[in-house]
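Breakdown of the fold
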Amino acid sequence: MAGEAPELNAQEKAGKAFPVSWDQFHRDCRALTWRLNEVGPFHAVIAITRGGLVPAAIVARELGVRVIDTVCIASYDHDKQGELQVLKGISEQAMNLGGGTGKGLLIVDDLVDTGKTGRLVREMLPDAHFATVYAKPKGRPLVDTFITEVSQDTWIFFPWDTALSYHPPLRDGAA
Ligand SMILES: O=P(O)(O)OC[C@H]1O[C@H](OP(=O)(O)OP(=O)(O)O)[C@H](O)[C@@H]1O
Ligand code: HPA
Ligand SMILES: [Mg+2]
């Protein structure tokens, strides 16, 4: 409507961005694996797609796990969260490997933010170990192992969502 201020997205409201490069992400996934190696062994890795696919591949490679399943959940349209939608559940084969409760299974996601996605998967696999690369305070209590905590008002930009681009010099008004 004319005269109304445009709605700000999460990053604009907070002004805090945490861009992560491929190198940094790979290093953080390896650091996560060092910690998980103390907890395993795991029968299988369950990736929460799509964001969990990349860390799941790296972690599974480092841990020598070759059984990988997905639980496909969508909730964010860019930075706005809507209803959680389970597009695909955990396979019967992976469920059986975890004795029906997830024991010995490793759930991997790129991050927890509000914790809604993680909570839903934990309900499906209450005895599984849940690992994320990054965690925000609201979601942190749901995660068993993570590497880096960022504040709730920070937006993490993953390398698969970003591209190198020109950045104007500070004196020309760049933030
Ligand atoms: O803790 P929450 O507030 O639930 O947010 C965390 C979830 O949000 C993102 O997934 P998204 O729903 O954007 O789907 P994507 O992985 O396909 O990008 C991210 O990959 C986590 O799975
Ligand atoms: O900070 C974030 N970055 C990218 N995707 C997300 N999904 C929830 N929070 C985030
Ligand atoms: Mg996700």
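Structure shown above.
A few points on the structure. (Residues numbered from 1 in each chain as written. Chains lettered and ligands numbered in written order. Predicted model: local features only at pLDDT ≥ 70, side-chain atom pairs only at ≥ 80, totals over all residues. Heavy atoms only, no water.)

What about the site of ligand 2?
Applied cut-off: By convention in these notes, a residue is near a molecule or strand provided one of its non-hydrogen atoms lies within 4 Å of it. Polar contacts, as used here, are pairs of N or O atoms within 3.5 Å; protein pairs need one atom able to donate a hydrogen and one able to accept it. Residues neighboring in sequence count only if both atoms are side-chain atoms. To be clear on the numbers: accessible area is Shrake-Rupley with a 1.4 Å probe, and residue cover counts the displayed protein chains and nothing else. Basically, the charged four are Asp, Glu, Lys and Arg, the nonpolar ten are Ala, Val, Leu, Ile, Met, Phe, Trp, Tyr, Cys and Pro, and anything else, Gly included, counts as polar.
With respect to spatial proximity, the complete set of residues near ligand 2 consists of Tyr76, Leu111, Asp113, Lys136, Trp155, Ile156 and Phe158. Separating a nitrogen atom of ligand 2 from a side-chain N or O atom of Asp113 is a distance of 2.7 Å. Backbone polar atom of Ile156 to a nitrogen atom of ligand 2: 2.6 Å apart, as the coordinates give it. Contact with the protein chains hides 88% of the accessible area of ligand 2, taken as 260 Å² for the molecule alone. Here the residues of the shell around ligand 2 are counted per class, giving five nonpolar, no polar and two charged.

A short note on helix 3 (residues 53–63)
For clarity, the threshold we go by: Classification of residues uses two cut-offs on accessible area relative to the type maximum, computed with a 1.4 Å probe and protein chains only: under 20% is buried, over 50% is exposed, and between them is partly exposed. Each helix corresponds to a stretch of at least 4 residues labelled H or I by DSSP, and each strand to a stretch of at least 2 residues labelled E; elements are numbered beginning at the N terminus. The contact criterion used throughout is that any non-hydrogen atoms of two residues lie within 4.5 Å.
For helix 3, the full list of buried residues reads Pro55, Ala56, Ile58, Val59 and Ala60. Those residues of helix 3 that are buried are in contact with helix 2 (22–37), strand 2 (44–49), strand 3 (68–77), strand 5 (105–112) and strand 6 (129–135).

Examining the site of ligand 1
Lining the immediate surroundings of ligand 1 are 16 residues, of which Arg50, Tyr76, Asp109, Thr114 and Thr117 lie closest. Contact distances for ligand 1 include 2.6 Å between an oxygen atom and a side-chain N or O atom of Arg50. Between Asp109 and ligand 1, the recorded distance is 2.5 Å, taken from a side-chain N or O atom to an oxygen atom. Protein coverage of the free-state accessible area of ligand 1, which is 500 Å², stands at 89%. When residues of the shell around ligand 1 are traced back to their parent elements, those giving at least two are strand 3, strand 5 and helix 5 (116–124). Here the element with the most residues in the shell around ligand 1 is strand 5; it accounts for four residues.

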